[in-house]
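Listed below, chain by chain, are the residues.
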Amino acid sequence: MRVEQKKESRLSYLIEIILYIAIMFLIRETSIPNSHYLVTGFLYSGTTLIVATLMMKRRGITWKALGLARPKNIKKTLLHSGVIFITVIATFLIFNIIQDQFAVAKASSEAAKGTITGYSLSNGDYAYVFSVIVFVWLQSALEELLERGFLITWVEGLLSNVKFRTAIAIIFQACIWGFRHSYDISERSISVALVGIVMGIAYVKLGRNLWSVIIAHCAMNTMSLI
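So, how was this worked out
Residues numbered from 1 in each chain as written. Predicted model: local features only at pLDDT ≥ 70, side-chain atom pairs only at ≥ 80, totals over all residues. Heavy atoms only, no water. Helix = DSSP H or I, 4+ residues; strand = E, 2+ residues; numbered from the N terminus. Expected span 1.5 Å × (residues − 1). Buried < 20%, exposed > 50% of the residue type's maximum accessible area, 1.4 Å probe, protein only. Phe/Tyr/Trp six-rings, centres within 6.5 Å; stacked < 30°, edge-to-face > 60°. Lys NZ or Arg CZ within 6 Å of the ring centre and 35° of its normal.

Enquirer: Tell me about helix H8 (residues 187–205), and name the residues and values.
Expert: The first and last C-alpha atoms of H8 sit 27 Å apart over 19 residues, in line with the 27 Å expected at 1.5 Å per residue. Three or more residues of H8 are buried, namely Ser189, Ser191, Val192, Ala193, Val195, Gly196, Val198, Met199, Gly200, Ala202, Tyr203 and Val204. Positive phi appears at glycine 207, one or two residues downstream of H8, with a value of about 80 degrees.

Below is the structure:
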């Protein structure tokens, strides 16, 4: 009886993961003419957040349980965020060096490059940067909730009888995250996936508290606007 219940549980996790990813990419492909890339980002992040929350409610799981609980030590959380941020930057630099030397991945598509607006504080675009920064932070937080918090947990649930389920879950969510930042398997999607692995490892190793990775993610995206 218990074996059958476990199989049913794993099947339900599989169905929910497929449904979650299908909705994510379906919304991602929704085109809103003349809209800012953040609008599209909020559209699919907001939709998948609702879907994930409903799936969690069905299982009696809260976002607090997945790591949105208040940090016990603010200073330690900030320190962890700093270490994650530095590791992410190092990951980018190492990948760029390897890419420049060996061209291991093809160049990003023009569609993927379109998410880079060219606006920055260094260009004197103060009004633009300060008008979008809060939305950039919110989008960063949503991505950590969905990829690190929800997706890792659900893939682990699917692979509950697999020895290296957490490692597989980290790699899986990173690949999904990387691919949805591009329209192909390219330099951009691979570099984002590598960052996703760093974030996933940090989330798991730091007690599954989302705040460290959220702050690091916000810092990373803020730097892109400087």
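Enquirer: Could you give me a rundown of the packing of aromatic side chains, with the residues and numbers involved?
Expert: Counted under the stated rule, the structure contains 6 aromatic pairs. Centre to centre, the rings of tyrosine 13 and tryptophan 154 are 5.6 Å apart; their planes meet at 80 degrees, and the pair counts as edge-to-face. Within this pair, whereas tyrosine 13 is found in helix H1 (residues 2–28), its partner tryptophan 154 is found in helix H6 (residues 126–158), the two being separated by 141 residues in sequence. Tryptophan 154 carries the same exposure label as tyrosine 13, and that label is buried. Geometrically, the ring pair formed by phenylalanine 42 and phenylalanine 135 is edge-to-face, given 6.2 Å between the ring centres and 80 degrees between the ring planes. On the criterion of sequence distance, the pair formed by phenylalanine 42 in helix H2 (residues 37–59) and phenylalanine 135 in helix H6 is long-range, its members being 93 residues apart. For phenylalanine 42, a relative accessible area of 23% translates into the label partly exposed. Overall, the relative accessible area of 43% leaves phenylalanine 135 in the partly exposed class. Site record: aromatic cluster; members linked through ring pairs are Tyr13, Tyr20, Phe150 and Trp154. Above the ring of tyrosine 13, the side-chain terminus of arginine 59 is found at 3.7 Å from the ring centroid. Its guanidinium or amino end placed over the ring of tryptophan 177, arginine 148 lies 4.2 Å from that ring's centre, counting from NZ or CZ.

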